[in-house]
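# Descriptive analysis of the structure
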Amino acid sequence: VIGAPLDSRVAHRPELVSQVLGIAAGEPLTAEHVAALLSSGAGGLKGIPPGSEVRAVLNGAEVEAEVAIAEEVAARTLGTERVRAVLMCALGSEDPVRRVAGRIAGIVLAAGAGRRLQQAKPIVEWKGQPLARYVIDAARQAGLHPIVVVLGAEASNIRSSLAQDRVTFVENPDWDKGQSTSVRAGLDAVEANVEAAVFLLADMPRVSARTIRSLVEQHAQALPAIVAPVGAGRRGNPVLFDRVVFSELHALRGDQGGRSLLDRWAWLPVDADPIEFFEVDSPDDLDTLRRTC
């Protein structure tokens, strides 16, 4: 229907579509129009009970050019919180689902006390910016939404330092009981409206948007339970977890992080530069970071 005039050949009840979209009969339909119709309470969402999980199906993605158009529709449609995912399909083919675009959250773990570094790692400055800001910027550039920062020790100082970053802060009162408590706190804040979550560490300022986008791309194409970066034969962070494993993330206890699931679930790797895995955990690490960059 993209590019076709609005009439009965491409729309059921075109007069209603015209009314919902505020366009005239015969006007060419755009990706923006289709997304607006899908996400309208008087259109695609009409009659859907509150609390229902909504996933839209776009048919006609037979070739790459059509997939690209579908991706534009999907991106616009996902601006509506009610829509959790958009499936881009060629329903007459043997393998009908070409891609799945879902809202993927970024959860930045920033609750630790930084005892070895003797200061709160997320707000240690490098090149004039807090370490956590580099992580948040990479997550935002990669299209993660929403972005949640889980706070614990030094919560007020970190919140103040990152106030300009347009993120959602979640305080974890049990942060001193291990990383699993922050994993659960982050998930609690996002899981109702996302298809997957990428967990990032606030003390890894070299992480790139390119690597995060690779995780998201692999997930969109194959829907694996877990996607993780690998560089120089080493597995690193950040890691993407599909909603299918959210219950197992909630079951973690103590200082277990989500990476423990990689020993129990099949997962897909993406290539990454191992320099991105560098963590600032001690004064020596901080000296190395400042000396080499």
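Below is a short write-up of the structure.

Conventions used here
- Residues numbered from 1 in each chain as written.
- Predicted model: local features only at pLDDT ≥ 70, side-chain atom pairs only at ≥ 80, totals over all residues.
- Heavy atoms only, no water.
- Helix = DSSP H or I, 4+ residues; strand = E, 2+ residues; numbered from the N terminus.
- Buried < 20%, exposed > 50% of the residue type's maximum accessible area, 1.4 Å probe, protein only.
- Areas by Shrake-Rupley, 256 points an atom, 1.4 Å probe, with all protein chains shown as cover.
- Lys, Arg positive; Asp, Glu negative; His and termini not counted.
- Charge placed at Lys NZ, Arg CZ, Asp CG, Glu CD.
- Phe/Tyr/Trp six-rings, centres within 6.5 Å; stacked < 30°, edge-to-face > 60°.
- Patch = residues over 30% accessible without salt bridge, like charges linked within 9 Å, V, L, I, M, F, W, Y side chains within 5 Å.
- Salt bridge = Lys/Arg side-chain N within 4 Å of Asp/Glu carboxyl O.
- Core = buried A, V, L, I, M, F, W, Y, C linked by side-chain atoms within 4.5 Å.
- Contact = heavy atoms within 4.5 Å.
- Axes fitted to C-alpha atoms, helices over the stretch in contact; angles between N-to-C directions.
- Parallel < 35°, antiparallel > 145°, perpendicular 65-115°, else oblique.
- Nonpolar A, V, L, I, M, F, W, Y, C, P; charged D, E, K, R; others polar.
- Expected span 1.5 Å × (residues − 1).
- Left-handed = near helix turned anticlockwise from the far one by under 90°.

The helix and strand tally for the chain stands at 9 helices and 13 strands. Expressed as a percentage of its 293 residues, the buried residues of the chain come to 48%. Summing over all exposed atoms, the chain offers an accessible surface of approximately 14000 Å²; the carbon and sulfur share of this is 49%. Here the chain holds 31 positive side-chain charges and 37 negative ones, and the gap between their average locations is 3 Å.

A few words on the packing of aromatic side chains. Taken as a whole and assessed by the stated rule, the structure comprises 2 aromatic pairs. Aromatic pair W126 and Y134: ring centres 5.0 Å apart, planes at 50°, arrangement tilted. Ring centres of F199 and F241 lie 5.8 Å apart, and the angle between their planes is 75°; this geometry places the pair in the edge-to-face category. Remark: F241 occurs in strand β12 (residues 239-242) and F199 occurs in strand β9 (residues 196-201); sequence separation between them is 42 residues.

A cluster of nonpolar side chains, contributed by V1, I2, V10 and I69, occupies part of the molecular surface with about 280 Å² of accessible area. Assessed through its relative accessible area of 30%, V10 is described here as partly exposed.

What follows concerns the nonpolar core. Counting residues in each nonpolar core, the largest one holds 30 residues, and the members touching the most others are V108, L144, V149, V198, L200, I212 and L240. Secondary structure elements with two or more residues in this core: β4 (104-110), α4 (131-141), β7 (147-151), α5 (155-161), β9 and α7 (209-222). The biggest single contributor to this core is α4, with 5 residues. In terms of nonpolar packing, the next biggest core, distinct from the first, is built from 26 residues, I107, V194, M204 and F241 among them.

Attention now goes to the pattern of salt bridges. Enumeration according to the criterion identifies 19 salt bridges in this entry. Two residues, R84 and E53, come together in a salt bridge whose shortest N-O distance is 3.3 Å. With a gap of 31 residues between them, R84 in strand β2 (residues 83-89) and E53 in the loop between α2 (31-38) and β1 (54-59) connect regions that are remote in the sequence. Classification of R84 by relative accessible area gives buried; the value is 5%. Notably, a salt bridge pairs D281 with R116, separated by 2.7 Å at the nearest N-O pair. Note that D281 is positioned in the loop between β13 (268-271) and α9 (283-292) and R116 in the loop between β4 and β5 (125-126), a separation of 165 residues in sequence. You can call R116 exposed: its relative accessible area is 55%.

Bringing the side chain of E195 into the picture now. Within the element layout of this structure, E195 appears in the loop between α6 (179-190) and β9. On the basis of relative accessible area, E195 is assigned to the buried category, the value being 9%. Residues within four places of E195 in sequence aside, it is in contact with R55, R84, A85, G102, R103, D242 and R243.

Turning to the packing of helix α1 (residues 14-21) against α2, a few remarks are in order. Put simply, α1 and α2 touch, their axes get as near as 10 Å, and they point 95° apart. Of the possible angle classes, the one that applies to α1 and α2 is roughly perpendicular. Counting all contacts with α1, which are made through V17, V20 and L21, the residues of α2 involved are H33, A36 and L37. Class assignment for the residues of the contact of α1 with α2 results in 5 nonpolar, 1 polar and no charged.

Moving on to α7. Relative to the 20 Å expected for 14 residues at 1.5 Å per residue, α7 spans 20 Å between its end C-alpha atoms, a close match to the ideal helical length. Trailing α7 by a residue or two, L223 shows a phi angle of about 50°, which is positive.

This paragraph deals with the environment of A139. One can find A139 in helix α4. Given the relative accessible area of 0%, A139 is considered buried. Distance from A139 to F199, taken between C-alpha atoms, is 9.9 Å for residues 60 residues apart in sequence. Residues within four places of A139 in sequence aside, it is in contact with L144, I147, L200 and I212.

Running from amino to carboxyl end, α4 crosses α7 at an angle of 45°, the nearest separation of the two axes being 8 Å. With respect to α7, the element α4 is oriented oblique. By crossing handedness, the relation of α4 to α7 is classed as right-handed. Contacts between α4 and α7 involve A138, A139 and Q141 on the former and, on the latter, A209, I212 and R213. Its residues assigned to classes, the contact of α4 with α7 shows 4 nonpolar, 1 polar and 1 charged.

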